[in-house]
Structures are given as C-alpha cells and as structure tokens.
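Below, each chain spelled out in residue letters.
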Amino acid sequence: MSKNDQDLMNLPKKKFNIMNLIWLVIIVAGLFISVNVTNTHISVLFANFSQFSDIFVQMSHPDWSYLGAVIPLLLETIKMAILGTVIGSVVAFIYSLLIARNIIKNKVVTGILRFIMNIIRTIPDLLLGAVFVAIVGIGPVAGIFALAVFTFGVVVKLFYEAIETIDPGPIEALTAVGANKLQIIWFAVLPQIMTYFISYVLYAFEINVRASTVLGYIGAGGIGLYLQQTLQVFDYAKTGTIIIVIIVVVVLIDYVSSKSREALMK
Amino acid sequence: MDTTYKKLPSKPVDVKKRITHWLIAIVSIVLIVWSCTGTDFGGIKASAAQIAGAIFSGIFHPDWSYVYNGTGEDLISQLWQTICIAFLGTFISAIISLPFAFWAANTRHKKWYASRSGKIVLAIIRSFPEIVLALMFIKAVGPGSAAGVLALGFHSVGMLAKLFSEAIENLEDGPNEAVTSVGGSKFNIIMFSTMPNLMPALISNTLYRFDVSIRSASILGLVGAGGIGYPLIIALQYRQWNRVGIILLGIIVMVVVIDWISGWIRKKLV
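Here is what the cut-offs are and how they apply
Residues numbered from 1 in each chain as written. Chains lettered and ligands numbered in written order. Predicted model: local features only at pLDDT ≥ 70, side-chain atom pairs only at ≥ 80, totals over all residues. Helix = DSSP H or I, 4+ residues; strand = E, 2+ residues; numbered from the N terminus. Rg over C-alpha atoms; globule rule 2.2 N^0.38 Å. Buried ≥ 20, exposed ≤ 12 C-beta atoms within 10 Å, placed from the backbone. Contact = placed C-beta atoms within 7 Å. Core = buried A, V, L, I, M, F, W, Y, C linked by C-beta atoms within 7 Å. UniProt positions renumbered as here; feature names shortened; annotations may be inferred. pLDDT = per-residue confidence, 0-100. Axes fitted to C-alpha atoms, helices over the stretch in contact; angles between N-to-C directions. Left-handed = near helix turned anticlockwise from the far one by under 90°. Nonpolar A, V, L, I, M, F, W, Y, C, P; charged D, E, K, R; others polar. Parallel < 35°, antiparallel > 145°, perpendicular 65-115°, else oblique. Expected span 1.5 Å × (residues − 1). Bend = angle between axes of the 7 residues up to and from the residue.

Participant: How should I be thinking about the overall build of chain A in this particular structure?
Facilitator: A count of helical and extended segments in chain A gives twelve helices and zero strands. Secondary structure elements of chain A occur, N-terminal to C-terminal, as α-α-α-α-α-α-α-α-α-α-α-α. Whereas a compact globule of 266 residues would reach a radius of gyration of roughly 18 Å, chain A reaches 26 Å, over 25% beyond that. Summarising its shape, the C-alpha atoms of chain A cover approximately 80 × 75 × 35 Å along the three principal directions. A buried classification covers 38% of the 266 residues belonging to chain A. Here the analysis covers contacts within chain A between residues at least 6 apart in sequence; of these, 75% occur between residues at least 24 apart.

Have a look at this one:
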C-alpha cells in the first residue's frame, strides 16, 4: 500500500473547536460545584439501598382493601382538575385575545400584559398550591385556584400564539364590511382557532390531572392528602395502592385525551 | 330593491357531525357541573383577601436583609443550591435516559413489542409522583439536597427519554447507510452518523428539561429535599409575608434568568 492509500484509510481529522472545549470545562466545573453544594455521594445511596428497595418492595404489595377509601378522594382530585382547567382556560382565552398583536394593535398594552403573563408562567404548580393554602385555607378550593392559575400560565401562551398565526384574510374582510371587534372575534378569529383551543385545553387537563394528584400533599385537596398520611405513618402498602391508582388514572386520562386530540386535528 | 341579496345562504347541514358535536358539548357540560357539586366554595377563610394582600405587599416590600447574610441560610445560597440540584439531577437523568431512549424508540429494525414496552415503562416513570420519589430517597440518604438530586434524576428520565426517543425516531437513515456502504462497522455508524446527528436534539432537550427541573427543584424543598422550597414553606407557616414575598421574587427571577440563558443557547444550537 502506498503512502497515499494509507492516508485514505485514516479517518479525516476533525477541526478543533475552542468553544467545545470551553463548554466541556463549564459542564465539568458545574458538576464538581453541584456535587459539592448538594453533598451528593452515590456511595451513600448504595450503602442505604436496602432501605430504598425495602420501601419499594412494601409498595409493590398494595393493600387493596384501602381502595374503597381512595376512590372518593380520587373523584375529588379529578373534579379539582376539571374545574381548575375550565376556570384557567376561560380566563386565558380572554387574556390571550388581549395580548395577540393582530387583534390589539397597541404595543404598550400587549407588552405590559405579556410581562405579567410571563411572571405567572414561572411559578411552579406546587408553590402556587402552598401559597393558596395559606390564602384560602386547607381544602380543595386552594387546589382549584392553584390549578386555575397554573392552567392559565400553560394555556395562555399557546392560545395567543395560535391567534397570531391565523390567516388575516377573514379579519380584513370583516373589517371591510364594517364589523366591530366582537363580531371580528366571533366570525373571523374563533372559527380558525377553535380546534387548537380545544386541543390545548385537553393538553392542560392532562398536566392538571398529574399536578392535582400531589397537591393534596401540601393540603390543597385531593388524593395527595392520603399520600401524605400514609407516608407519615410508614404504611407503604397503602401508599403503594394510592400510587398505582394515580398511575392508572393518569395513564388512562393521558391516553383518552391524546386520542381525542389526534381525532380533533385530523 | 330586491331584498334577497341581504340574506346569507344557509349553512350546509351535516347531521352526523352536528350530533357528535352536541354530544361532546353535553358530556363536557355534565362533567363540569358534576365537578362543581360537592366542592364547598364557602370554606374560604374570611381573612383570604387580607392574606393575599399581605403576600402582595410582601412582594413589593420584600425583606431585603434575607437576600444575603453569609450564613448559608439566606436567599442567594438557597437559590444557588436549587440550581445545583437541578443541574446535577438533569445531568444524571440525561445519562440514564440514553439507553431508555434507544429502547423506546420505534425504529424500523425493531420488533413492535420492544419499543411499545419501553414506552409503557417510560409512561409509568413519568406518572410516578416526584414528591413520593423524593420522600423515598429521603429515607435512603437522609433529608437534604442529595435526596432532591436523586429524585429529580430518576423522575426526569420519564420525560427526557421520551423526548430523546422521539429525536431518534426522527433521524434519517441516509447517513447510517452512507457509513455502512463505505465499510463502517456498527461502532463507526454510532460515532460518525448517529451521534453527530442526534447531538443537537439531545442537548436542546436536556436544556429544556433543565428549565423544568429548576421549577421542580424549587418545589422539592416543600418535603425536605433541599432547595428554596423549605424556607418558603417555613415562612408561609410562620406568616412572615415579607419573607414569602422575597422568596417568590427570588424564584421568579431565577426561573426567568435560567429560561433566558437556556433559550439563548438553544437558539444558537439550531
């Protein structure tokens, strides 16, 4: 084999990129810092792994007689999720019309309203739950409020982005024949975005069902209350029952909702 | 004048469609009414408005002395701890997610049950409540941020591996075939076609997950798994509204800044 052929056998050398090296250094440094700050040592996990697996084993022998007590709270959880989704998306619907730039032309108004929206979007669901428990007291009402605000944050952004991408033709046509704002929204905007709206609401409902199952842990109503009670007395068999019920319900609702979203979008 | 011009032609009627629409509408209204039953809205405490006002005024008159006092119990160090929990948790989950993603990805060369079973496993991991996972890890490694890191690391696998597997499904076969056709081995295929094509999607999804993890990490403290959630729940219980205000403000600023940075990196990637 000549020297030239040997060169061909070798793989081409990659160009050296200084940015990649910098990123690598940042990530490694970040790892070291966070291991230090959080004091995480995998060895501790393995040392106490028997305890961890013990809980798991107890959970996998669920106490089915507990099911009767779980079902009413489960229904409450679903009710909370439905109400939270409905309230949140109704508010989000009105709000999204106010921040869509193709409906409200005033950039100052939309800018300020969008800033408020972005702040609400940053607060995590359980934090909202904790704050609302402090405000309205322990019970499902706190959960409903928390879920409504959370839904608002999730849905409003999807809503207004959907509104901004509609075809401007119908709006112009209605404006040309002298329609007012409400008529424009009713006859030009709504028909174009209704399917998206329903699909996003269903999506928010999926997230809310997930979120509502743990809200009870901090006293905001629903099945999470029993989660906390059973964990506090180390009754892992009952915890296992609750978790299995939660997983079944969440997976079921996810499945139904994603199938209906697919049917909608067809 | 002929008035017929003023009338719009009636809409075409599709009976089947109309019936299904009405059915769906009725079912959803029944569901909403059903969920209103049994919820006692009268249970709102009379002091609700007052407390909400106190929290709001707390946000605008925050307890600045809490921001930094060098004890390690102040806002900055707690937020820093939260970020570290999220960072390490995301890193762990990204590593665990890779094999899961290849398992769950529905590619052409696999039997249908392989990817289906992987998807079911991921759905179960996703639905397993994060807080319960955190409590289990607290039992194993003691309360503190280590439990938070591990809980986040394992919980994120459900979502991250799903996103990764979707990225794998979207890969094109062309580069793989090109490497095979010039005599590349299986290892060469992974090194020179799969990984380089997959990398941007992996990094972008991991960054996205980091955004979500930051939010989760600020919650985990509510059960004692480290981070900013713990001082928040304490402040709420002791009704120190000024402190609640500054903590909420701190969380909001942290989330906005992290979202902004990761959004900037993701934009550069694509």
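Moving on from the coordinates now.
Participant: What is the right way to look at the overall build of chain B in this model?
Facilitator: Helix and strand counts for chain B stand at ten helices and zero strands. The C-alpha radius of gyration computed for chain B amounts to 26 Å, which surpasses the reference 18 Å derived for 270 residues by more than 25%, pointing to a less compact arrangement than a globule. For chain B, the spread of C-alpha atoms along the principal axes amounts to about 80 × 65 × 40 Å. Expressed as a percentage of its 270 residues, the buried residues of chain B come to 38%. Contacts spanning at least 24 positions in sequence make up 70% of the contacts within chain B whose residues lie at least 6 apart.

Participant: Would you take a moment to explain unusual backbone geometry for this structure?
Facilitator: Only a minority of non-glycine residues have a phi that is not negative, and only a minority of peptide bonds are not trans. The backbone of Phe 234 of chain A sits at a positive phi, close to 60 degrees, despite the residue not being glycine. Within the element layout of this structure, Phe 234 of chain A appears in the loop between α11 (224-232) and α12 (236-265). Take Phe 234 of chain A: there are 10 C-beta atoms within 10 Å of it, and that puts it in the exposed class. In this structure, Arg 239 of chain B takes a positive phi of about 60 degrees despite not being glycine.

Participant: I would appreciate a short explanation of the nonpolar core in the present structure.
Facilitator: In globular proteins that are soluble, nonpolar side chains generally tend to be buried together. Judged by nonpolar contacts, the single largest core of 130 residues is most densely connected at Ala 130, Phe 132 and Ala 146 of chain A together with Ala 134, Phe 137 and Ala 151 of chain B. At 17 residues, the largest contribution of residues to this core is made by helix α8 (residues 140-164) of chain A. When near neighbours in sequence (up to four residues on either side) are disregarded, Ala 130 of chain A contacts Ile 218 of chain A together with Leu 222, Leu 232, Ile 233 and Leu 236 of chain B.

Participant: Can you help me understand the UniProt feature "domain: ABC transmembrane type-1" (unreviewed entry) in chain A in this one?
Facilitator: Those residues carrying the UniProt feature "domain: ABC transmembrane type-1" (unreviewed entry) are residues 74-257 of chain A in this numbering. A helix fraction of 83% and a strand fraction of 0% characterise residues 74-257 of chain A, whose end C-alpha atoms lie 18 Å from each other.

Participant: Got a minute to help me understand the confidence of the model for chain B in this structure?
Facilitator: When pLDDT is low, close inspection of the predicted coordinates is not appropriate. Of the residues in chain B, 93% reach a pLDDT of 70 or more, and the chain-wide mean stands at 83. Under the prediction, the complex receives an ipTM of 0.79, its pTM being 0.82.

Participant: What exactly am I supposed to notice about the packing of helix α6 (residues 145-169) of chain B against helix α8 (residues 186-220) of chain B here?
Facilitator: Residues and elements named next belong to chain B. The contact between α6 and α8 brings their axes to 9 Å, and the two run at 150 degrees. Considering how the two elements wind past one another, α6 and α8 form a crossing that is right-handed. Along its contact with α6, which presents Gly 148, Ala 151, Leu 152, Ser 156, Met 159, Leu 160, Leu 163, Phe 164, Ala 167 and Ile 168, the element α8 presents Leu 198, Ala 201, Leu 202, Asn 205, Thr 206, Arg 209, Ser 213, Ser 216, Ala 217 and Leu 220. In terms of residue class, the contact of α6 with α8 is made up of 13 nonpolar, six polar and one charged.

Participant: Teacher, can you tell me more about the environment of Pro 12 of chain B here?
Facilitator: Following the sequence through the fold, Pro 12 of chain B ends up in the segment before α1 (15-36). For Pro 12 of chain B and Leu 75 of chain B, which are 63 residues apart along the polypeptide, the C-alpha to C-alpha distance reads 63 Å.

Participant: Hey, could you run me through the UniProt feature "transmembrane region" (unreviewed entry) in chain A in this one?
Facilitator: All names here are of chain A. Sites flagged by UniProt as "transmembrane region" (unreviewed entry) map to residues 21-46, 66-98, 119-138, 184-203, 209-227 and 239-257. Helix makes up 88% of residues 21-46 and strand 0%. Its end C-alpha atoms lie 33 Å apart. Helix makes up 100% of residues 239-257 and strand 0%. Its end C-alpha atoms lie 27 Å apart.

Participant: Any chance you could explain the UniProt feature "transmembrane region" (unreviewed entry) in chain B here in plain terms?
Facilitator: What UniProt calls "transmembrane region" (unreviewed entry) maps, in this numbering, to residues 19-36, 79-105, 219-238 and 244-265 of chain B. The span residues 244-265 of chain B carries 100% helix and 0% strand; its end-to-end C-alpha distance comes to 32 Å.

Participant: Mind showing me how you'd approach the packing of helix α5 (residues 130-141) of chain B against α6 of chain B here?
Facilitator: Angle between the axes and distance between the axes are the two parameters that describe a pair of packed helices. Residue and element names in this part refer to chain B. One can describe the packing of α5 onto α6 by two numbers: an axis separation of 8 Å at closest approach and a directional angle of 135 degrees. In terms of orientation, α5 lies oblique with respect to α6. The interaxial crossing formed by α5 with α6 has right-handed handedness. Packed against α5, whose contacting residues are Glu 130, Leu 133, Ala 134, Phe 137, Ile 138 and Val 141, the element α6 presents Ala 146, Ala 147, Gly 148, Leu 150, Ala 151, Phe 154 and His 155 at the interface. Classifying every residue of the contact of α5 with α6 by side-chain character gives ten nonpolar, two polar and one charged.

Participant: Even after reading the chapter, I still don't get helix α10 (residues 181-215) of chain A, so can you show me in this structure?
Facilitator: An α-helix turns once every 3.6 residues. As a result, residues three or four positions apart point the same way. In a regular helix each residue adds 1.5 Å, so 35 residues correspond to 51 Å; α10 of chain A covers only 40 Å between its end C-alpha atoms and thus falls short of that length. Of all the bends found along α10 of chain A, the most pronounced is centred on Leu 190 of chain A and spans about 60 degrees, while Pro 191 of chain A, a proline, follows it within four residues.

Participant: When you look at the interface of chain A and chain B in this model, what are you seeing that I'm missing?
Facilitator: Often, the extent of an interface is quoted as the loss of accessible area upon association of its parts. With 46 residues of chain A at the interface, the matching set in chain B holds 49 residues. Residues belonging to the side of chain A that touches chain B are distributed by class as follows: 34 nonpolar, eleven polar and one charged.

Participant: Quick question: what am I supposed to make of helix α9 (residues 229-237) of chain B here?
Facilitator: Among the nine residues that make up α9 of chain B, seven are buried, leaving the element largely enclosed by the rest of the structure. Within α9 of chain B the residues assigned to the buried category are Gly 229, Tyr 230, Pro 231, Leu 232, Ile 233, Ala 235 and Leu 236 of chain B. Buried-residue contacts for α9 of chain B involve α7 (125-136) of chain A together with α3 (75-104), α8 and α10 (241-269) of chain B. Looking one or two residues beyond α9 of chain B, the residue adopting positive phi is Arg 239 of chain B, at roughly 60 degrees.

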